[in-house]
Amino acid sequence: MYNSILHTLQSQQGAIIKATEQHISISLLSLLIAMLIAIPLAILLKDHHKIAEACLQVAGIIQTIPSLAILGLLIPIVGIGTVPAVIALVLYAIMPMFQNTYAGLTEIAPNLEEAATAFGLTKWKKLQRLELPLAMPMILSGIRISLVMIIGTATLAALIGGGGLGTFILTGIQSNNNTYVIIGAILSAILAFFFSWLLKFISTNTHRMRIGLVAILILICGFGGYKGYQAIRPAPTKVVIAGKMGSEPDILIHMYKDLIQQEDPRAEVTLKPNFGGTTFLFKALQSNQIDIYPEFTGTVNQQIIKTNQKTGSDPQKTYRLAKRELEQRYQMRYLKPMQYQNGYALVVSSQFAKEHHLTKMSQLASYNNEITAGFDPDFYQLHDGYPGLKGPYGYDFKNVKTMEPTIRYKAIANNRVNVVDGYTTDPQIPQYHLKMLKDDRHFFPPYQGAPLMKESFAKHNPKVVKALNKLSGKVTTEEMQQMNYDVTVKKESAAKVAHRYLVQHHLLHK
Amino acid sequence: MIKYDHVAKTYTDIPVLKDVSFEINRGDLFVLVGPSGSGKTTLLKMFNRLTVPTDGDVYYQGKKIKDYDLQQLRLKTGYVLQESSLFPNLNIQDNIAIQLEQQGVDKEQRHHRAQELLRAVEMDPQIYARRMPNELSGGEQQRVGIIRALAAKPEVILMDEPFSALDPVVRHQLQDLVLRLQKQTHTTIIFVTHDMQEALRLGTKIAVLKDGILQQVGMPQEIINRPATEFVKEFFHGHNFHFSLTDILDNGLGEKIAIKQTDLPVVKCRQFADLLSYCRDHDNPTFIVQTDQNQYVIHQSNLWNYLIRREQERV
C-alpha cells in the first residue's frame, strides 16, 4: 500500500499538484466571497436583532441541506464546473462566519458600547477601534471553521466537474483504487490542517495579522491581474475535452490533447478527466460546458438515441446509425471511430477455462448448472446483456448475482463466481489472469470509441477535426488493454501512456 | 449654565423621574445623590442624550440640549463610567486620546496630551502610556478613566458612580484627585453617587433624589443643617459624624511607620469602631494600629483629644 502510494505520487505528480492547486483556489475563492458576504452582513445587522435572527435561521437551514443536494439543484441554474461548486461552498461557509461575527459584535460589554457612544465616536470609529478588534478572535475562529469545512466539502466539487482533490477520491472509488482515495483524502486533510494552522498563526498577534492581510491583498490583486490579462489577451482556440470515469477515457482525452496541440500549437486545451457519466457528459456537451468527449457507438445507440432494441452486430452499421441520429437529432458531429472494440465480454477464471477447455461463449451453455455468474446490474437488464444472451447462446445459469462493476473482478479473482461480464479492454483481465471468451455468435454490439462534438464546433475548428481524425482506425483492443493496464495497475500517468503510444505509432512527431 | 426644566421620564408607563428642575452653574461640582432607582443616572444621561426626557427640556448655555449636534455635543463632554470602561484593545495613551482621535487631532499631539495628563495624576508615562488596561489595577484604571474624560478639555464632565467599585482607600485618593483636577481646570462636573459621604465630600452643590422626585438642592451645609424633607434628614442622619478609619489616621492622628516596632502591641483594625473598642478594653498609652494598607503609631491621649475636638466642632 505504502509503495503504491509513493508510486502514484510520483507518476501522477502533475495531476496531483494541479488538483491541489484547483482545490486551494476553489476553497480560497469561496472563502473570500463568503467572507465578503457574511462579515459585512453581520456588521450591518448587529443592531437589528430580529433581522439578524432571521438571517441566522436561513443560514442554518441552508447548512442542513446536504451539499450533494445543493450541487444538484445548482446544475440546472448555473450548469457544471467551478461556478456551482463555489456557489455551494459559499452558501455553506456563510453561516459560521456570520454567526461568529454577529456574536462577537453583540457580546461586547454594554458599558464599553456606552462609553464609545458617550464619547461621540462615529459608528465607523466605534467599529474600527472597539467592536471589530474585540470581535476579531470570534471572527477569526468563524473563518477557521468555515475554511476547514470548505476544504473538506470542496472534494464534492469533483462530482460536478469542479476539479480539485475530490477527483482523486472519486476516481479511486470508481476504479476501486484505494491509493487514489487515500491520496485525495490525506491531501485535503493536510490542506485543512495547514490553512487552519496558518490562520491561527497569523491571528496570534496584530503584527502578523497585518502582514497576513497585506499578503492576501497582494495575492488577490495578482490573481485578479492575471485573470484580467488573460481576458484582454487575443483569445487562442480554447478546447475543453472531458472524459468519463476511468482510465480509458483519461488516456483517450490525453491523446486528443496531444494531437490537437500538434496541429495548432496555440490551442489551449483543458482536460476534465473523470467528469461524469454518459447523460451528464452529453448534457454538458449540449450546453457548451465542454467541447469534445470520447463516446462509444454502442452507448450512443443504447443510451442517447435510445433505439430500444438490440444493437446490430456490424460495427460499420452501428457507427453509421449513431452518426446519422446524432447529426439529425442533436446537430452533433461524431468523428470516425478507433479500431478497438470496448464491448461487453464474458470472462471466466483461467482455472474454470482450463477445466472445461473453454475458449468460446457457445461452449458455456453446456455447463449451465455449474455456473455462478456475477453481473453488472446494467448488463443483467439491458437487451444487449444477459437477457439477450439467453436466446442465441441458450444460457440459463444456475445462479446469477448482480454486483457493482468494480466488485465483480474481485469476486471472480477470489473464486466467489466463475463467470462475470466485463469490457474487452479491462485491465483486470490480464491483471487477474482471466480468460475472455470469444463471442462466436456475434451477439455483443460493437462499442467503438470516437470523438463527439457539436457540429458548430467542428465547423469552426477544422484543425481539431483534422487532428482527431488521425486516430481513426487506430488502437487495437490489445493495445488499449495494455494502456489501461499501465495506468490502473502499474500506476503510470494517463498523459505519459497516451504520449508514448502516439509517439510509438508515429502519430506525434516528438 | 445647565438647566433642567420640568424634566420627566417614563419607561413603559412607569415614571422614573417626575417634574425635576434645577440649575447648575459654571464651575460647580454638582452631585446627584440618592438610593438606587432614584433616577439620578437617568438625569445625568439626559445631558449627553443617552436618555431623552419624555417631558420637559434640558438647556445648556441657553440652548436646548436636543438642538445641539449630537456628535459635537458628545465630543465636547467628558464621561466617566462606573467601571473604568477602558477599551481593552487599546493601550493607555490611545484610550485617553480616543475623543481627540475622533476629532482628527494628529497622533503626536494626541500622545503628547495623553502623557501630559498621565503626569498630572502621578502616573509615569514611560511606564504607563503603552500598557494595556488589563495590566493596571482597578484604581489606576479609573484614574485613567478620569483623565480620559479630561483629554478633549471639555466644559462639562459627567461622572456616573465612578468610584463605587473601588475600595475605600483608593476611593478616597480618587476623590481627592477629582477635587484637585476640578480646582485646576474649573470644569463643570455632574457627579452621580449613592454614597452621601462622597456627596458631602465632593459636592459644591448637592441634589437629593428619591423615587424620581427631587427632594432638595443645596450646598452641603444646607442639606445637613436644614433638610427639606424627612427623607433627606434620614438619609444624612449621623453621616457627618461618620468616621473613616483611614481618614482619621491620615489626617494626623496617627504617625505612619514603615517597620514594625516589636515592643508595642499591634492592633488590627478594619474600621473606626475596632479602634474604639480596643481603647475601651486596654490601657496602653501607645500602640500600633495595623490597617490593610499601613501601620500607624497611636497615642491614646491624642485619640481622645481628637474626638473631643470633632464633637466641639459639630456643636
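Overview of the structure. Keep in mind the model is a prediction, meaning the values are calculated, not measured. (Residues numbered from 1 in each chain as written. Chains lettered and ligands numbered in written order. Predicted model: local features only at pLDDT ≥ 70, side-chain atom pairs only at ≥ 80, totals over all residues.)

## Considering the overall build of chain B
Right, so step 1: Per the secondary structure count, chain B includes 14 helices and 14 strands.
Right, so step 2: Within chain B, residue pairs in contact and separated by at least 24 positions form 65% of the contacts whose partners lie at least 6 positions apart. (Helix = DSSP H or I, 4+ residues; strand = E, 2+ residues; numbered from the N terminus. Contact = placed C-beta atoms within 7 Å.)

## Digging into the overall build of chain A
Right, so step 1: Within chain A, the regular secondary structure consists of 23 helices and ten strands.
Right, so step 2: In chain A, buried positions account for 45% of the 510 residues. (Buried ≥ 20, exposed ≤ 12 C-beta atoms within 10 Å, placed from the backbone.)

## A closer look at the sheet that holds strand S1 (residues 2-11) of chain B
Residue and element names in this part refer to chain B.
Right, so step 1: Read across the sheet, four strands follow the order S2-S1-S4-S5 without closing on themselves; strand pairing throughout is antiparallel. What marks the edges here is a single partner per strand, and that holds for strand S2 (14-24) and strand S5 (63-64).
Right, so step 2: Where S1 lies against S2, seven bridges are found, and the strand directions are antiparallel. Looking across to S2, one finds that Tyr-11 is bridged to Ile-14. (Pairing = 2+ DSSP bridges.)

## A few points about the nonpolar core
For soluble globular proteins, the rule of thumb is that nonpolar side chains tend to be buried together.
Right, so step 1: One finds Leu-89, Ala-93 and Ile-241 of chain A to be the most contacted residues of the largest nonpolar core, which totals 98 residues.
Right, so step 2: Per-element accounting of this core gives the leading share, 13 residues, to helix H5 (residues 82-106) of chain A.
Right, so step 3: Taken domain by domain, this core gets at least three of its residues from each of domain 1 (2-232) and domain 2 (238-340 + 453-504) of chain A.
Right, so step 4: Those residues in contact with Leu-89 of chain A that sit more than four places away from it in its chain are Ile-26, Ser-30, Ile-150, Thr-153 and Ala-154 of chain A.
Right, so step 5: Listed in part, the 67 residues of the second largest apolar core include Leu-121 of chain A together with Ile-2, Ala-114 and Ala-207 of chain B. (Core = buried A, V, L, I, M, F, W, Y, C linked by C-beta atoms within 7 Å. Domains from an automatic or database assignment.)

## Remarks on the packing of helix H2 (residues 13-45) of chain A against helix H9 (residues 178-203) of chain A
Residue and element names in this part refer to chain A.
Right, so step 1: Axis separation between H2 and H9 bottoms out at 11 Å; the angle between their running directions is 45 degrees. With respect to each other, H2 and H9 are oriented oblique. Here H2 runs over H9; the crossing is right-handed. Residue-level contacts link Ile-16, Thr-20, His-23 and Ile-24 of H2 to Ile-183, Leu-187, Ser-188 and Leu-191 of H9.
Right, so step 2: Here the residues of the contact of H2 with H9 are counted per class, giving five nonpolar, three polar and no charged. (Axes fitted to C-alpha atoms, helices over the stretch in contact; angles between N-to-C directions. Parallel < 35°, antiparallel > 145°, perpendicular 65-115°, else oblique. Left-handed = near helix turned anticlockwise from the far one by under 90°. Nonpolar A, V, L, I, M, F, W, Y, C, P; charged D, E, K, R; others polar.)

## Some points on unusual backbone geometry
All names here are of chain B.
Right, so step 1: The phi dihedral of His-6 is positive, around 45 degrees, even though this residue is not glycine.
Right, so step 2: A count of 12 C-beta atoms within 10 Å places His-6 in the exposed class.
Right, so step 3: With a phi angle near 40 degrees, Thr-12 is a residue other than glycine that sits in the positive phi range.
Right, so step 4: For Thr-12, the location among the structural elements is in the loop between S1 and S2.

## Details of the interface of chain B and chain A
Right, so step 1: Listed as interface residues are 16 residues of chain B and, on the opposing side, 15 residues of chain A.
Right, so step 2: The residue inventory of the side of chain B that touches chain A, partitioned by class, reads eight nonpolar, six polar and two charged.

## Focus on the packing of helix H8 (residues 166-174) of chain A against H9 of chain A
All names here are of chain A.
Right, so step 1: One way to put it is that H8 packs onto H9 with a least axis distance of 7 Å and a crossing angle of 160 degrees. In terms of orientation, H8 and H9 fall into the roughly antiparallel class. Crossing handedness for the pair H8 and H9: left-handed. Within the contact between the two elements, H8 uses Gly-166, Phe-168, Ile-169, Thr-171, Gly-172 and Ile-173 and H9 uses Asn-178, Thr-179, Tyr-180, Val-181, Ile-183, Gly-184 and Ala-185.
Right, so step 2: Of the residues that constitute the contact of H8 with H9, the class distribution is seven nonpolar, six polar and no charged.

## Description of the sheet that holds strand S9 (residues 434-436) of chain A
All names here are of chain A.
Right, so step 1: Strand order in the open sheet formed by five strands is S7-S6-S8-S5-S9, with mixed pairing between adjacent strands. Because the sheet does not close on itself, it has two edges, and the strands there are strand S7 (399-402) and S9. Between one strand axis and the next, the sheet turns by 35 degrees as a mean value, whatever way the strands run.
Right, so step 2: Here strand S5 (residues 344-349) runs beside strand S8 (residues 419-423); their pairing, made up of five bridges, is antiparallel. Paired with Val-348 across the strands is Val-419, a residue of S8.
Right, so step 3: The sheet contacts of helix H18 (residues 405-413) involve S5, strand S6 (372-375), S8 and S9, and relative to S8 the element is tilted by about 135 degrees.

## Description of the pairing of strand S6 (residues 77-80) of chain B
Residue and element names in this part refer to chain B.
Right, so step 1: Going residue by residue along S6, you find Thr-77 and Tyr-79 tucked away on one face and Gly-78 and Val-80 tucked away on the opposite face as well.
Right, so step 2: Of the pairings in the sheet, the one linking S6 to strand S7 (residues 156-160) comprises four bridges and is parallel in character. Paired with Gly-78 across the two strands is Ile-157, which belongs to S7.

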